[in-house]
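A structural walkthrough
Residue strings, one per chain:
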Amino acid sequence: MRYVLTLCLMLVPGWAARWTVDDLLMAESAGQMRLSRDGKLLVYVKTQMDREKGESVSHLFLRNLAEDYEVQLTRGSDSHSTPQFSPDGRKIAFLTSRRSSETSSSPPPEQTGRAGGGMQVWLIDVRGGEPHAVTKLEKGVSSLAWLDNDTLLLAAPEDPSLHDQQTKERKDTSTVVEDETHATPVRLFRFELKGRTAKRLTENPDRITRIAVSQDGAWAVTTHERSLSYVWDQKVRPITFLHDLKNTSSRQLFADGKLLPQSVSWTPDSKGFYFTSPYTTHPKYLNASIDLVYFYDVAAGSAAQAPLEWENALAQGFVVTGDGFIAQLANGVRPKIARYRRDGNTWKREFLEGEHVSNIFGMELKGDQIIYRYTTASTPDQWYAARLNGNKVENPKQITSLNGSWKKKPLARSETTTWKGARDEQVEGLLYYPHDYEAGKKYPLVVMIHGGPNGADMDMFSDRWGYPVQLFAQRGAFVMKPNYHGSSNYGLKWGESISRGNYNELEWVDVERGVDSLIAKGLVDPNKLGIMGWSNGSIITIELTTRSTRYQAASAGAGDVNWISDWGNCVFGHAFDDFYIGKTPLEDPALYIKKSPLFRMDKVRTPTIIFFGTEDRQVPTEQGWQHYRALKHLEKTDVRFLLFPGEAHGPRKMVHQRRKVEEELAWFDKYLFKTASDKNEALRQESPLSAMLKRRNLGEIPETVLRGEIEIGRFEVTRGQFKAFDPGFPIPPGTENHPASGISLEQAKQYCAWLSQKTGRKYRLGAEEEMQGMLSASKNENTLDAWAGYAVNADDARRLASLVEGLGPGALLKPVGSMPGSGDDPAFDLGGNAAEWVVRKDGSGKALGGSADRPVDPKSESKPRPDYVGFRVVREP
């Protein structure tokens, strides 16, 4: 059914607008959904790249579900997160690093003189008004929760010690690695909103990383990190405390270390809480665990496992109901959604039913009001509100409108595919079809391998800078995403299958056999294979280039080549390497050499492009240098290495994300698709010189370029092109490449009809609503300002009019493209030369844009002389 829908959409006129890199970089996403207790209001976070800032920015949105309207609560270039409704639903507290003015945040006495840093708590009234800061703690706030309508519970770093203050005074930026002695404790504070006073509730020496407060505000569960090296070696595990906030007492839970609470959610009656805890068969490490669900009864002081009766356990968490919880169960590429009801010591499970339940990723619930995210690999995600009636999800209504510009983009058909992988065990993955797919033809294949390794590619829309599926499907390629051995969502046995020395023994085999299966089906051209991945996906990509020479192009982002150095340099090196490789390099250096593809680089023949951030601690940047140096030294294939300054494990800045995607596409265009053309890097594509070179090859048919969802003429229609339609059109010698001017609206329409008949493609004039954003007078184009040498006002324009008229018809016009163009694939003269005919909604015409006989003056509505009016074509897909 989904395939039929996608095909139908692609046949809609105008559907086939091309994807651009910016379509992916500017993608909107929504998350952190929070319902008020009565289920009538929803606050959430929408994130999108800020072009001016060059980084993504998150803002809060409030939706009234009862009255069906939405308002944006925050704006600007600062991000906002962690929204929480007050118990009465009238206020929202959230975290942000934005600066507050003196009038909006007067510090209490004990904070006077302190600047306030990090994330601070702000409030906004849901009935209106400006958000305002309520905390000004010197090291910020880590997390927050409401205790009552006037009180917050905060987890916040302790004030600076003398050591901290003296270090700051010395301007000493040195770092002592894992300096546990001077690590700042993160403690609990009760914060009174009326007096803006904080009271310390705990004296713990460690760092609280998570808090969960009961709905009555009487209890809190906290998780404490006790070792700065825990991520590296997983030796000293976090601990959990239960705090009685009424009696200001606390006790440690699960001191035997068998349970390690992760997600914690209290029941509506505050009598207990549900939590997840990882389970693994490994005696030391949790790298490839599954999540089980438990219930802790406060009165009984004990926890009991909730029987999921599902071997693969949880996929993406759970939400609490009045009588149990709803869980997203691990089930391969699509979670299985089940409702669990508790009656004393017995449980009843029912799988949810409803329109979208096969592809729900993420939920929020209050009473019978359920909010969920629906998406597929071919359906960009949206959030819905519905009613939960037993196990039925009823009356879903879309409540977000994300990425509206994608509606007319072609979406690659997708499906689940399986094959026999390593050990002859079934492997599952996702397969995306080329946009121009025709049955019976063979196409290139690009394998995109997910990171982790204990992650998975799900049946959800996930096109971003790391894995730009649509841009490759648009180029006519299949895309395969394999969930290789070691991936999550397939159970503990599958996740642990690559541990204890099996790392990179099974995964690359899974990928190879997946490629073979597509070749055997007659879908893929075996001579046109590409491969790419980030992090662990890059590690498998690199491994494959040492095992096979059949891949024509490879992209390796943040991937290891030398496991000996990784053990010490990686932030989680010991825990990861000891778990997956089975030993440390101190115990068995020969094993590490065997596992490291660095020592097999002489076998690589695949042209490889490498990406790294200079501050990467997860896969240290030195790995990229070793990879590059080895391939460069051996000179057996082409290699290119890009570093992103200041970036960690993945680029966050827009300029770096764009560079990654564009470089990657160019690499595959050159080595896989064989479509790359030699470009002179000294030539700016939007320059007049470039335009002159293009004019040399102007033919009868106007060249078009993509602008948003339409294709417009790169240039205004020239006199030479118009004469092919109207042989009697006069052309003064030497002006063949000037814009055709003195053209009436009807003549322009007739030209488009003639061109459509001549080419078999639909050409027309642009509509006013689609062209007005592109056609506006510019001081950098051929306008009266450029000829006069200054910004011409309305009075001076009238004084110059007779002089312009005396020069003769269209005398100030220049050859098309004489001034710089705009866009990566530039269009020229959008802001000057000849004004251009567009069609209004009523069918009448309007000459839009700048022209050589008029000033740029945006306040002027003067009309161009007829001899300065031409047109530009729009070509429909």
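Preceding block: the structure.
Keep in mind that what you see is a predicted model, and the values were worked out from it rather than measured. (Residues numbered from 1 in each chain as written. Predicted model: local features only at pLDDT ≥ 70, side-chain atom pairs only at ≥ 80, totals over all residues. Heavy atoms only, no water.)

Observations regarding the overall build of the protein chain
Condition: Comment: elements are numbered from the N terminus, with helices defined as DSSP H or I runs of at least four residues and strands as E runs of at least two. Radius of gyration means the value over C-alpha atoms here, while the globule rule gives 2.2 Å times the residue count to the 0.38 power. Residue contacts are defined here by distance: any two heavy atoms, one from each residue, within 4.5 Å place the two residues in contact. In short, Shrake-Rupley with a 1.4 Å probe defines the accessible areas, and a residue's cover is counted only from the protein chains shown. The charge count treats Lys and Arg as positive and Asp and Glu as negative. His and the chain ends do not count. Charge coordinates come from a single atom per side chain, which is NZ of Lys, CZ of Arg, CG of Asp or CD of Glu.
On a plain count of helices and strands, the protein chain comes out with 19 helices and 43 strands. Its C-alpha radius of gyration of 31 Å places the protein chain within 12% of the 29 Å reference for a compact globule of 877 residues. C-alpha extents for the protein chain along the principal axes are approximately 95 × 65 × 65 Å. Of the contacts made within the protein chain by residues no fewer than 6 positions apart, 60% connect residues no fewer than 24 positions apart. For the protein chain, the accessible surface area stands at approximately 38,700 Å², while carbon and sulfur atoms represent 48% of it. Across the protein chain, the mean location of the 112 positive side-chain charges is 1 Å away from that of the 112 negative side-chain charges.

Focus: helix α10 (residues 573–581)
So the rule is basically this: Each residue gets one of three labels from its accessible area relative to the maximum for its type: buried under 20%, exposed over 50%, partly exposed in between, using a 1.4 Å probe on protein chains only.
α10 sits mainly inside the fold: nine of its nine residues count as buried. Every buried residue of α10 is listed here: Gly573, His574, Ala575, Phe576, Asp577, Asp578, Phe579, Tyr580 and Ile581. Contacts made by the buried residues of α10 are with α4 (230–233), α8 (536–547), α9 (563–569) and α11 (589–595). Following α10 by one or two positions, Gly582 has its phi on the positive side, about 100°.

Examining the sheet that holds strand β18 (residues 272–279)
The criterion, for reference: Only strands joined by at least two bridges in the DSSP assignment are considered to pair. An axis is simply a line fitted to the C-alpha atoms; with a helix, the fit covers only the stretch in contact. Between two such axes, the angle follows the N-to-C directions and lies from 0 to 180 degrees.
In space, the four strands of this open sheet follow the order β17-β18-β19-β20, with antiparallel pairing throughout. Only two strands of the sheet have a single neighbouring strand rather than two, namely β17 (264–266) and β20 (302–305). Mean inter-strand twist for the sheet, computed between neighbouring axes without regard to direction, equals 30°. The pairing of β18 with strand β19 (residues 290–297) spans eight bridges and is antiparallel. Residue pairing across strands places Pro278 opposite Asp291, the latter belonging to β19.

Some details on the pattern of salt bridges
Pairing between side chains of opposite charge can happen when their charged atoms approach one another. Going by this rule: Should a side-chain nitrogen of Lys or Arg be within 4 Å of a carboxyl oxygen of Asp or Glu, the pair is scored as a salt bridge.
Considering all chains together, one arrives at 48 salt bridges under this definition. The partner of Asp68 in a salt bridge is Lys397, with the nearest N and O atoms 2.7 Å apart. You can see Asp68 sitting in the loop between β3 (55–64) and β4 (69–72) and its partner Lys397 sitting in strand β28 (residues 392–398), a full 329 residues away along the chain. Given the relative accessible area of 37%, Asp68 is considered partly exposed.

Observations regarding the sheet that holds strand β7 (residues 120–125)
Read from one edge of the open sheet, four strands run β5-β6-β7-β8, paired in antiparallel fashion. Looking at which strands have only one partner, the edges of the open sheet turn out to be β5 (80–85) and β8 (132–133). The pairing of β7 with β8 spans two bridges and is classified as antiparallel. From the neighbouring strand, Trp122 faces β8, where its bridge partner is Ala133.

Things to note about the side chain of Arg872
Heads up, the rule is: Identification of polar contacts relies on pairs of N or O atoms within 3.5 Å, with a donor-acceptor requirement for protein atoms, meaning one able to donate a hydrogen and the other able to accept it, and with residues adjacent in sequence counted only if both atoms are side-chain atoms.
The residue Arg872 is located in the loop between β42 (869–870) and β43 (873–875) in this model. Polar side-chain contacts of Arg872 include one of 2.7 Å to the backbone oxygen of Phe828. Here Asp829 takes part through its backbone oxygen, which lies 3.4 Å from a polar atom of the side chain of Arg872. The contact partners of Arg872, leaving out residues within four places of it in the chain, are Ile712, Gly713, Arg714, Phe715, Glu716, Arg764, Leu765, Ala827, Phe828, Asp829, Leu830 and Glu836.

Some remarks on the side chain of Thr267
Structurally, Thr267 is set in the loop between β17 and β18. Here Asp269 takes part through its side chain, which lies 2.6 Å from a polar atom of the side chain of Thr267. At a separation of 3.4 Å, a polar atom in the side chain of Thr267 contacts the main-chain amide nitrogen of Lys271. When near neighbours in sequence (up to four residues on either side) are disregarded, Thr267 contacts Gln215, Gly272, Phe273, Tyr274, Phe295 and Val320.

As for the environment of Thr248
You can see Thr248 is positioned in the loop between β15 (239–244) and β16 (249–253). When the C-alpha atoms of Thr248 and Thr202 are compared, they prove to be 9.0 Å apart, with 46 residues separating the residues in sequence.

Structural notes on the packing of helix α7 (residues 507–520) against α8
Inclusion rule: Oblique is the label for any angle not under 35 degrees, not over 145, and not in the 65 to 115 range, which are roughly parallel, roughly antiparallel and roughly perpendicular in turn. When residues are grouped by polarity, Ala, Val, Leu, Ile, Met, Phe, Trp, Tyr, Cys and Pro land in nonpolar, Asp, Glu, Lys and Arg in charged, and all others, Gly among them, in polar.
Orientation of α7 relative to α8, taken along the N-to-C sense of each, is 70°, at an axis distance of 9 Å. One way to sum up the angle between α7 and α8 is to call them roughly perpendicular. Seen from α7, the contacting residues are Glu507, Trp508, Val511 and Glu512; seen from α8, they are Ile540, Glu543, Leu544 and Arg547. Class assignment of the residues belonging to the contact of α7 with α8 gives a composition of four nonpolar, no polar and four charged.

What about the packing of aromatic side chains?
Let me state the cut-off plainly: A pair of aromatic rings is counted whenever rings of Phe, Tyr or Trp (Trp by its six-membered ring) have centres within 6.5 Å, and the orientation is called stacked for planes under 30 degrees apart, edge-to-face for over 60 and tilted otherwise.
Within this structure, the stated rule accounts for 52 aromatic pairs. Consider the rings of Phe254 and Tyr296, whose centres lie 6.0 Å apart with planes at 90°: the pair is edge-to-face. Of this pair, Phe254 sits in the loop between β16 and β17 while Tyr296 sits in strand β19; the two residues are 42 residues apart in sequence, bridging distant segments of the chain. Here the two residues Phe254 and Tyr296 agree in accessibility, since each one is buried.

Considerations on the nonpolar core
Keep this limit in mind: The definition of a nonpolar core used throughout is a set of buried Ala, Val, Leu, Ile, Met, Phe, Trp, Tyr and Cys residues joined through side-chain atoms within 4.5 Å.
One finds Val446, Met448, Phe472, Met601 and Phe668 to be the most contacted residues of the largest nonpolar core, which totals 55 residues. It is helix α13 (residues 654–671) that provides the largest number of residues to this core, a total of six residues. Not counting the four nearest positions on each side in its chain, Val446 is found in contact with Phe472, Ala477, Phe478, Val479, Met480, Gly530, Met532, Phe668, Leu672 and Phe673. Of all hydrophobic cores here, the second largest spans 41 residues; its members include Tyr433, Phe478, Leu523 and Tyr551.

Some remarks on the environment of Arg840
Tracing the chain through its elements places Arg840 in the loop between β40 (835–839) and β41 (845–848). In this structure, the C-alpha to C-alpha distance between Arg840 and Leu643, residues 197 residues apart in sequence, is 49 Å. In this structure Arg840 touches Glu768, Gly845 and Lys846, once residues within four positions along its chain are discounted. For Arg840, the side chain forms a polar contact with the main-chain oxygen of Gly845, separated by 3.4 Å.

Focus: helix α12 (residues 621–634)
Applicable threshold: A helix is expected to span 1.5 Å for every residue after the first.
Along its 14 residues, α12 runs 21 Å from first to last C-alpha, staying within 8% of the 20 Å computed at 1.5 Å per residue. Every buried residue of α12 is accounted for by Thr621, Gln623, Gly624, His627, Tyr628, Ala630 and Leu631. Looking at the packing, one finds that the buried side of α12 touches α8, β34 (553–557), α9, β35 (608–613) and β36 (639–644). Just beyond α12, the residue with positive phi is Glu635, at close to 55°.

Notes on the pairing of strand β32 (residues 478–483)
So the rule is basically this: Orient the strands so they point away from the viewer; a crossover is then right-handed if the path from the first strand over the helix to the second runs clockwise.
Judged by how many residues are buried, β32 sits mostly within the fold: six of six residues are covered. In β32, alternate side chains face the same way, and those of Phe478, Met480 and Pro482 on one face and Val479, Lys481 and Asn483 on the other are all buried. Across five bridges, the pairing between strand β30 (residues 426–432) and β32 is antiparallel. The partner of Leu431 across the bridge, within β32, is Met480. When strand β31 (residues 443–449) meets β32, the two strands line up parallel, connected through three bridges. Looking at β32, one finds that Leu445 is bridged to Phe478. In terms of handedness, the path from β31 via helix α5 (residues 469–474) over to β32 forms a crossover that is right-handed.

Comments concerning the pairing of β40
For β40, the tally of buried residues reaches five of five residues, placing the bulk of the element in the interior. Across two bridges, β40 lies against β42 in parallel orientation. Across the sheet, the residue bridging to Ala835 is Val869, located in β42. Sheet topology note: the β40/β41 ladder contains four bridges and is antiparallel.

Let's talk about unusual backbone geometry
The peptide bond linking Gly452 to Pro453 adopts the cis configuration, its omega dihedral lying at 5°. You can see Pro453 is positioned in the loop between β31 and α5. Of note in this structure, Arg196 is not a glycine but carries a positive phi near 50°. With respect to the secondary-structure elements, Arg196 resides in the loop between β11 (186–192) and β12 (197–200). Positioned with a positive phi, Lys674 is a non-glycine residue whose angle comes to about 60°.

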